[in-house]
Amino acid sequence: MDWEGDTDVATATRIGALLGPEKIRECADPVKADLYARAVISDGSQSAESAFFEENARFVLRAYLLAAGLSGSSAETVAEWVAALYDETALRVLQEHAEQVPAGWLGAFEEYVKGAPTDTHETIRYIVRTAVMAAE
């Protein structure tokens with residue numbers, strides 16, 4: 001797969017540069033959202049601990065990507081959702097399109113968005129933010 005993104009994409013976000021507007025739109029398909037989340041999150045780590053966090057971060061990112069695809073939002077909007085700790089916009093989009101959201105995705109994402117921060121939650125959030133945001 002070509003992960004360079006479209007040439008007209010602003011590189012303000014890592015995810016925008018990697019996926020571009022067309023691939024973000026394709027994320028209205030849950031299969032594509034999951035595929036792209038896996039590609040963006042994967043760091044090739046082999047430890048069981050890192051695999052746990054990576055897998056959970058993928059679950060979160062695929063929900064954000066699906067919400068973006070269903071709502072016609074941009075990579076920059078995904079970055080805004082990820083950056084805002086208690087922003088429920090992506091969750092509301094998924095709730096409004098619940099019939100298009102695979103079983104289990106909505107509940108897991110709602111738990112992530114509304115859950116109390118824990119060390120595990122913060123680690124997953126850090127991985128997702130790192131995957132989405134531009135390198136500082």
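Now for a description of the structure that goes with this document. (Residues numbered from 1 in each chain as written. Predicted model: local features only at pLDDT ≥ 70, side-chain atom pairs only at ≥ 80, totals over all residues. Heavy atoms only, no water.)

**Quick look at the nonpolar core**
Nonpolar side chains tend to gather and get buried jointly when the protein is soluble and globular. We count it as follows: Definition of nonpolar core: a set of buried residues of the types Ala, Val, Leu, Ile, Met, Phe, Trp, Tyr and Cys, connected through side-chain atoms within 4.5 Å. Any residue under 20% of the maximum accessible area for its type is buried, any over 50% is exposed, and the rest in between are partly exposed; the area is computed with a 1.4 Å probe on protein chains only. Numbering of helices and strands runs from the N terminus; a helix is a DSSP stretch of H or I covering at least four residues, while a strand is a stretch of E covering at least two. The contact definition used throughout considers only heavy atoms, calling two residues in contact when any of these lie within 4.5 Å.
Of all hydrophobic cores here, the largest spans 39 residues; its most connected members are L61, Y64, L65, L94, F109 and V132. Per element, the largest residue contribution to this core is 11 residues, and it comes from helix α3 (residues 48-71). For L65, the residues in contact, after removing those within four places along its chain, are I15, L19, I24, C27, A33, Y36 and A37.

**Some thoughts on helix α5 (residues 89-96)**
For clarity, the cut-off: Arc, as used here, means the arc of the directions from the helix axis to the C-beta atoms.
Buried within α5 are the following residues: A90, L91, V93 and L94. Angular distribution of buried residues about the axis of α5 spans 160°; they occupy a single face of the element. Those residues of α5 hidden inside the fold are in contact with α3, α4 (75-83) and α6 (105-114).

**Let's talk about the pattern of salt bridges**
Charged atoms that come close allow side chains of opposite charge to pair. Where we set the bar: A carboxyl oxygen of Asp or Glu within 4 Å of a side-chain nitrogen of Lys or Arg is what we treat as a salt bridge.
Tallied over the full model, the rule gives 7 salt bridges. Between D34 and R58 there is a salt bridge whose closest N-O contact spans 2.1 Å. Here R58 lies in helix α3 and D34 lies in helix α2 (residues 30-41), a separation of 24 residues in the sequence. Take D34: its relative accessible area is 17%, and that puts it in the buried class. For R58, the salt bridge is made with E55, and the minimal N-O distance between the two is 2.4 Å. Of the two residues, R58 and E55 both sit in helix α3, 3 residues apart, roughly one turn of that helix. You can call E55 partly exposed: its relative accessible area is 30%. Via salt bridges that share partners, D34, R38, E55, R58 and R62 belong to a single interconnected network.

Geometric values such as these leave the question of function open.
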